[in-house]
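Here's the letter readout for the chains.
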Amino acid sequence: MSVLVLLLAVSAACCLGFGFVLQQDAAQKAPLSDFLSFRLLLDLMRVPRWLGGLGLMVAGMVLGAVALGRGEISLVEPLLATNLLFALALSRYRTRQALGRQGWSGLLLLAGGVSAFILAGEPRGGTAVSDPLRHWLIIGAVTGAALVLTTYGKRSRLSWGPVLLALAAGLLYGVQDALTRVSGIRFADGGLGELFTGWQPYGVVACGVTGLVLVQSAFETAPLRMSLPALTAAEPLAGILCGVGFLGDRLRTDTGALAGEAAGLAAVVTGIVLLGLHPAMPCGAVEQEHRAGDLQRR
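Right, let's walk through the structure included here. (Residues numbered from 1 in each chain as written. Predicted model: local features only at pLDDT ≥ 70, side-chain atom pairs only at ≥ 80, totals over all residues. Heavy atoms only, no water.)

### Thoughts on the overall build of the protein chain
Piece 1. Looking only at helices and strands, the protein chain features twelve helices and zero strands.
Piece 2. Taken over the C-alpha trace, the protein chain has a radius of gyration of 19 Å; the compact-globule value for 298 residues is 19 Å, and the two agree within 12%.
Piece 3. Burial analysis of the protein chain (298 residues in total) assigns 52% to the buried set.
Piece 4. Within the protein chain, contacts between residues separated by at least 24 positions form 86% of all contacts whose residues are at least 6 apart in sequence.
Piece 5. Summing over all exposed atoms, the protein chain offers an accessible surface of approximately 13500 Å²; the carbon and sulfur share of this is 66%.
Piece 6. Across the protein chain, the mean location of the 22 positive side-chain charges is 8 Å away from that of the 18 negative side-chain charges. (Helix = DSSP H or I, 4+ residues; strand = E, 2+ residues; numbered from the N terminus. Rg over C-alpha atoms; globule rule 2.2 N^0.38 Å. Buried < 20%, exposed > 50% of the residue type's maximum accessible area, 1.4 Å probe, protein only. Contact = heavy atoms within 4.5 Å. Areas by Shrake-Rupley, 256 points an atom, 1.4 Å probe, with all protein chains shown as cover. Lys, Arg positive; Asp, Glu negative; His and termini not counted. Charge placed at Lys NZ, Arg CZ, Asp CG, Glu CD.)

Here it is as structure tokens:
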């Protein structure tokens, strides 16, 4: 594994984690009438803290794009999932909440799972699939799943809605990562002319903007510990699916390697859930209202 790719991916995860915390801190104060509306982004653009979080998120995406240009998506995606470690670090600094057994267990599972997946799978590059039908089938399946999740999330926005919206956003971000990789290849082959004659860069923008609306709507209505784990878990799974499905990424497929890869991904998801549910993660507007009501009744 390239040290440069490792540094780029971890730096991207750091920017993303810090950015998510700042964005959620601002989004939780937005009016609920903006739920799943582009008006939400317009309102949040007036909040300096949200703009700072957005700037960090964009920086993380740029660093992630550079990492994807130099390494396989199946390698970079698990490293990007460590953004939750940085989100927890910032939240812990602000809340002074000790990590405890849950925090340390989640940290070890996430870090160990990423390491196990990379060591067992040994991600490496291969020949990308040129058949456009396969591209559209995989991308269509992932975006279709995101659409279904969004539909159900809209119906239950104050219960399981935020989790479903975060899952949908994570799937779109995974597709965005794959399309970013393809766009980088097109640019390297033929410059700007080759890049903008393809649909992929426009797909990157569409996935990014749509995912941003979904994420901010999830941040607006629920605690970060409810939405961020789903977002963090869905993105690498979708990215790895695209990487192996049509970008030519290759993983070891012998029995031992497959067992190690599965165990690694399971540990990553479990660690993400434990860290995301940690008390240090900030709460959302609805939870704050409930706490305020409980204090008044007491």
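Having put the structure on the table, let's press on.
### Let's talk about the nonpolar core
Piece 1. Grouped together as the largest cluster of nonpolar side chains are 75 residues, with contacts concentrated most on Phe 20, Val 76, Val 175, Leu 228, Leu 231, Phe 246 and Ile 272.
Piece 2. In terms of residue count, helix 8 (residues 161–196) provides more of this core than any other element does, twelve residues in total.
Piece 3. The residues touching Val 76, leaving out its near neighbours within four places in the chain, are Val 5, Ala 9, Ala 67, Leu 68 and Gly 71. (Core = buried A, V, L, I, M, F, W, Y, C linked by side-chain atoms within 4.5 Å.)

### What about the environment of Ala 67?
Piece 1. Locating Ala 67 in the fold gives a position in helix 3 (residues 48–70).
Piece 2. The spatial distance from the C-alpha of Ala 67 to the C-alpha of Phe 246 is 18 Å, given a sequence separation of 179 residues.
Piece 3. If we skip the residues at most four places from it in the chain, Ala 67 touches Val 5, Leu 8, Ala 9 and Val 76.

### Topic: the layout of surface pockets
In this approach, a probe sized like a water molecule rolls over the atoms, and the result shows the empty space that is left.
Piece 1. Taken as a whole, the largest pocket spans an internal volume of roughly 490 Å³.
Piece 2. Around the largest pocket sit 26 residues that line it, and Val 58, Met 61, Gln 176, Val 204 and Gly 208 are the ones nearest its centre.
Piece 3. At the level of elements, helix 1 (3–27), helix 3, helix 8, helix 9 (200–221) and helix 10 (224–246) are the ones that each hand at least two residues to the lining of the largest pocket.
Piece 4. Considering each element in turn, the lining of the largest pocket owes the most residues, nine residues, to helix 3.
Piece 5. Residue classes in the lining of the largest pocket are distributed as 17 nonpolar, seven polar and two charged. (1 Å grid on protein atoms, 1.4 Å probe; cavity = no way out; pocket = protein on both sides within 12 Å on 5 of 7 lines; lining within 4 Å. Points joined across faces, edges and corners; volume = space filled by probe spheres on them. Nonpolar A, V, L, I, M, F, W, Y, C, P; charged D, E, K, R; others polar.)

### Remarks on helix 7 (residues 132–155)
Piece 1. Here helix 7 spans 34 Å end to end across 24 residues, near enough to the 34 Å set by a 1.5 Å rise per residue.
Piece 2. Here the buried face of helix 7 lies against helix 8, helix 9 and helix 10. (Expected span 1.5 Å × (residues − 1).)

### Some words on empty space enclosed by the protein
Piece 1. One pass over the structure, following the stated rule, counts two cavities of 30 Å³ or more.
Piece 2. One number sums up the size of the largest cavity: a volume of about 50 Å³.
Piece 3. In terms of lining residues, the largest cavity is bounded by Leu 16, Glu 77, Leu 80, Ala 81, Asn 83, Leu 231, Thr 232, Glu 235 and Pro 236.
Piece 4. Within the residue set of the lining of the largest cavity, elements represented by two or more residues are helix 4 (73–80) and helix 10.

### Describing the packing of helix 4 against helix 8
Piece 1. The contact between helix 4 and helix 8 brings their axes to 11 Å, and the two run at 140 degrees. With respect to helix 8, the element helix 4 is oriented oblique. With respect to the hand of their crossing, helix 4 and helix 8 are arranged in right-handed fashion. Contacts between helix 4 and helix 8 involve Ile 73, Glu 77 and Leu 80 from the former and Gly 174, Asp 177, Ala 178 and Arg 181 from the latter.
Piece 2. Classifying every residue of the contact of helix 4 with helix 8 gives three nonpolar, one polar and three charged. (Axes fitted to C-alpha atoms, helices over the stretch in contact; angles between N-to-C directions. Parallel < 35°, antiparallel > 145°, perpendicular 65-115°, else oblique. Left-handed = near helix turned anticlockwise from the far one by under 90°.)

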